[in-house]
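Close look at the chain arrangement
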Amino acid sequence: MKKINLVLFGTGNVGSKLVHQVLQARKILQEKEGLEINIPVIANSTIAFFQKENQQPSWETDLEKFGFPYKLNDILEYVRQQNYENLIAVDATASEEFVDHYFSLIESGFHIVAANKVANTRSSQFYLELRKKLREHHKFFFYETNVGAGLPIVETLRSFHRSNERVTKVRGVFSGSLSYIFNTYCAEEKAFSEVLSEAGVKGFTEPDPRVDLSGKDVARKLLILGRELGLEKEFEEITIQDLVPPHLNGQSTLKNFHEKKKDLDPIFLKLKKELKQDEVIRHVGELDLQTGILDVKLVTEKRTSALGSLQNADSSFEIFTESYGEQPLVIKGAGAGAAVTARGVLTDLIKLAEKLPS
Ligand SMILES: NC(=O)c1ccc[n+]([C@@H]2O[C@H](COP(=O)([O-])OP(=O)(O)OC[C@H]3O[C@@H](n4cnc5c(N)ncnc54)[C@H](OP(=O)(O)O)[C@@H]3O)[C@@H](O)[C@H]2O)c1
Ligand SMILES: N[C@@H](CCO)C(=O)O
């Protein structure tokens with residue numbers, strides 16, 4: 001039986017769902033894949049819980065009851081003492097700072113699976129250094145859920161690139177939360193702030209929803225795909241329409257944003273009133289490989305068009321390539337949500353495990 005040992009960082013929407021899915025799938029993975037997945041350490045931003053045997057269904061209570069404040073070195077020392085094989089760090093945080101730990105983790109023998117997009121959207125220099133470090137230590141880095149949650153977007157583009165298929169453009173609704181927000185807002189008589197709150201409760205938005213509204217999350221996804229296709233770009237080169245008014249932006253606190261988010265209502269009501277009867281608002285990203293332009297913006301679409309008729313938190317990626325010609329390959333489905341994302345992380349873990357020794 002092949003064993004992998006996970007250290008899970010982040011126990012929010014995605015991280016907690018992942019533990020449940022691993023526990024549920026454990027027996028079948030052992031039987032059908034010959035794979036045992038253990039999670040000896042679970043950590044959030046402040047506390048960690050170390051479990052010597054297999055994780056139990058009571059892990060949430062255990063984390064709360066027996067978890068204690070930790071430093072990364074405590075975890076590195078612990079896994080070294082336990083001599084765990086096939087170690088994988090799962091980054092289910094949205095943390096900018098956590099990514100600084102990737103180098104120590106790799107040096108300490110970890111592979112990495114990340115839902116967090118930050119490592120792939122820092123400077124090109126960081127991006128290349130990380131890959132150099134991975135190569136030097138013979139470690140893998142999987143991050144399919146960085147774009148389109150559980151949808152196979154990164155893998156599809158990487159396969160095109162490897163087979164020398166020229167991708168000319170990727171366009172679509174890249175954000176599950178903004179899809180939900182504009183699909184709902186344009187279809188129902190609710191205040192924008194109310195729909196925004198709903199998207200948060202459903203686990204579609206980033207921990208700070210301004211990361212979605214500012215266009216930053218979609219811009220990150222464009223950059224990740226662009227880099228996958230060999231485009232050398234920096235985040236600052238992306239054209240982004242920021243939907244957060246200056247008085248609620250990153251200079252003010254998240255608490256202040258939540259207290260004042262009703263200030264968004266008149267702004268979006270004005271946009272809605274300007275629509276013709278057969279029109280809706282959609283939030284789109286466009287990655288043009290021919291011009292090198294990466295663009296994030298709001299557009300008006302016909303209600304009946306492919307993007308105009310999207311439902312729920314669906315994302316839609318239109319991938320234009322040389323062989324597909326005028327008719328793009330379209331990948332569409334839930335673009336956010338804990339269950340689909342955790343399943344995407346679990347799929348990454350299984351694919352990574354295939355590359356590891358028994
Ligand atoms: N939700 C989705 O649909 C979706 C889809 C695709 C990708 N993603 C990505 O998945 C990641 C997690 O999203 P989420 O919705 O699960 O967020 P979330 O519910 O806010 O959970 C984030 C978790 O990360 C923990 N955390 C923050 N900083 C940390 C640190 N330095 N070390 C260890 N843990 C830390 C938080 O701990 P505390 O509770 O202690 O703060 C929390 O448990 C994000 O990067 C997001 O972009 C999400
Ligand atoms: N906040 C992100 C989660 C998926 O990356 C979105 O809405 O698309």
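Rules behind the numbers
Residue numbers restart at each chain and count upward from 1, following the sequence in its written direction. Think of it this way: whatever chain is written first is A, whatever ligand is written first is 1, and the rest follow in order. Under the rules for a predicted model, residues below a pLDDT of 70 receive no local features and side-chain atom pairs below 80 are neither given nor counted, while totals for whole chains, interfaces and linings still include all residues. Note that water and hydrogens are dropped before the side-chain values are worked out from all heavy atoms of the structure. Summary of the burial criterion: residues with accessible area below 20% of their type's maximum are buried, those above 50% are exposed, and those between are partly exposed, where the area comes from a 1.4 Å probe applied to protein chains only. To qualify as a helix, a DSSP run of H or I must reach at least 4 residues; to qualify as a strand, a run of E must reach at least 2; elements of each kind are numbered from the N terminus. Paired strands, as defined in this entry, are two strands with at least two bridges between them according to DSSP. UniProt positions are given in the numbering used here, feature names are shortened, and annotations may be inferred rather than shown by experiment. Residue contacts follow a heavy-atom distance rule, with two residues in contact if any of their heavy atoms lie within 4.5 Å. A single heavy atom is enough: if one lies within 4 Å of a molecule or strand, its residue is considered near that molecule or strand. Two N or O atoms form a polar contact when they lie within 3.5 Å of each other; inside protein one atom must be a possible hydrogen donor and the other a possible acceptor, and for residues adjacent in sequence the pair counts only when both atoms belong to side chains. For this classification, Asp, Glu, Lys and Arg are treated as charged, while Ala, Val, Leu, Ile, Met, Phe, Trp, Tyr, Cys and Pro are nonpolar and the rest, including Gly, are polar. Only the stretch in contact is used when fitting a helix axis, every axis being a line fitted to C-alpha atoms; angles between N-to-C directions are given from 0 to 180 degrees. Side-chain atoms within 4.5 Å link the members of a nonpolar core, which is a set of buried Ala, Val, Leu, Ile, Met, Phe, Trp, Tyr and Cys residues. Using a 1.4 Å probe, accessible areas were evaluated by the Shrake-Rupley method; residue-level cover was limited to the displayed protein chains.

**A word on the pairing of strand E12 (residues 314-321)**
The buried fraction of E12 is high, at eight of eight residues. As paired elements, strand E8 (residues 167-173) and E12 share six bridges and run antiparallel to each other. Bridging across to E12, Val-170 finds its partner in Ile-319. Pairing geometry for E12 and strand E13 (residues 329-334), over six bridges, is antiparallel. Looking at E13, one finds that Ser-315 is bridged to Gly-333.

**Notes on the UniProt feature "binding site: NADPH" (unreviewed entry) in the chain**
With numbering aligned to this structure, UniProt lists the feature "binding site: NADPH" (unreviewed entry) at Thr-93 and Lys-117. Sequence-wise these annotated residues cover 25 residues; spatially they are packed, their C-alpha atoms never more than 9.3 Å apart. Position of Thr-93 among the secondary structure elements: in the loop between strand E5 (87-91) and helix H4 (102-107). In contact with Thr-93, other than residues within four places in its own chain, are Phe-9, Gly-10, Phe-98 and Asn-116.

**A closer look at the site of ligand 1**
Around ligand 1 lies a shell of 23 residues, among which Ser-45, Thr-93, Lys-117, Glu-206 and Gly-337 are the nearest. A distance of 2.9 Å separates an oxygen atom of ligand 1 from a polar atom in the backbone of Thr-11. Here Gly-337 contributes a backbone N or O atom positioned 2.6 Å from an oxygen atom of ligand 1. When grouped by side-chain class, the residues that make up the shell around ligand 1 number eight nonpolar, 13 polar and two charged.

**So, the side chain of Glu-279**
Assignment of secondary structure puts Glu-279 in strand E10 (residues 279-288). On the basis of relative accessibility, which here comes to 14%, the residue Glu-279 falls in the buried class. Polar side-chain contacts of Glu-279 include one of 2.9 Å to the backbone nitrogen of Lys-276. Every residue in contact with Glu-279, bar those within four places of it in the chain, is listed here: Thr-300, Glu-301, Lys-302 and Arg-303.

**Comments concerning the sheet that holds strand E6 (residues 111-114)**
If you walk across this open sheet you meet the seven strands as E4-E3-E2-E1-E5-E6-E7, and the pairing is mixed. Two strands in the sheet have a free side with no partner beyond their single neighbour: strand E4 (68-69) and strand E7 (141-142). Set on the sheet, helix H1 (residues 13-33) makes contact with strand E1 (2-9), strand E2 (35-43) and E5; between it and E2 the angle comes to about 160 degrees. Sitting on the sheet, helix H2 (residues 59-66) touches E2, strand E3 (47-50) and E4, and the angle it makes with E3 is about 115 degrees.

**Here we look at the nonpolar core**
As a rule of thumb, nonpolar side chains are buried together in soluble globular proteins. If you look at the biggest cluster of nonpolar residues, it comprises 58 residues, and the most contacted ones within it are Phe-9, Ile-75, Tyr-102, Leu-130, Phe-141 and Leu-225. With 31 residues, the next largest nonpolar core counts Leu-8, Leu-18, Val-22 and Ile-350 among its residues.

**A word on the site of ligand 2**
Surrounding ligand 2, one finds Lys-117, Ser-175, Gly-176, Ser-177, Phe-204, Thr-205, Glu-206, Asp-212, Asp-217, Lys-221 and Gly-335. Gly-176 is positioned with one of its backbone polar atoms (N or O) 2.8 Å from an oxygen atom of ligand 2. In this structure, Lys-221 approaches ligand 2 through a side-chain N or O atom, which is 2.6 Å from an oxygen atom. In isolation ligand 2 exposes 250 Å². Once the protein is present, 92% of that is buried. Among the secondary structure elements, those contributing two or more residues to the shell around ligand 2 are helix H7 (176-187) and helix H10 (216-228).

**Points about the UniProt feature "binding site: L-homoserine" (unreviewed entry) in the chain**
UniProt records the feature "binding site: L-homoserine" (unreviewed entry) for Glu-206 in the present numbering. Along the chain, Glu-206 turns up in the loop between helix H8 (192-201) and helix H9 (210-213). If sequence neighbours within four positions are ignored, Glu-206 has contacts with Ala-94, Lys-117, Val-211, Asp-212 and Asp-217.

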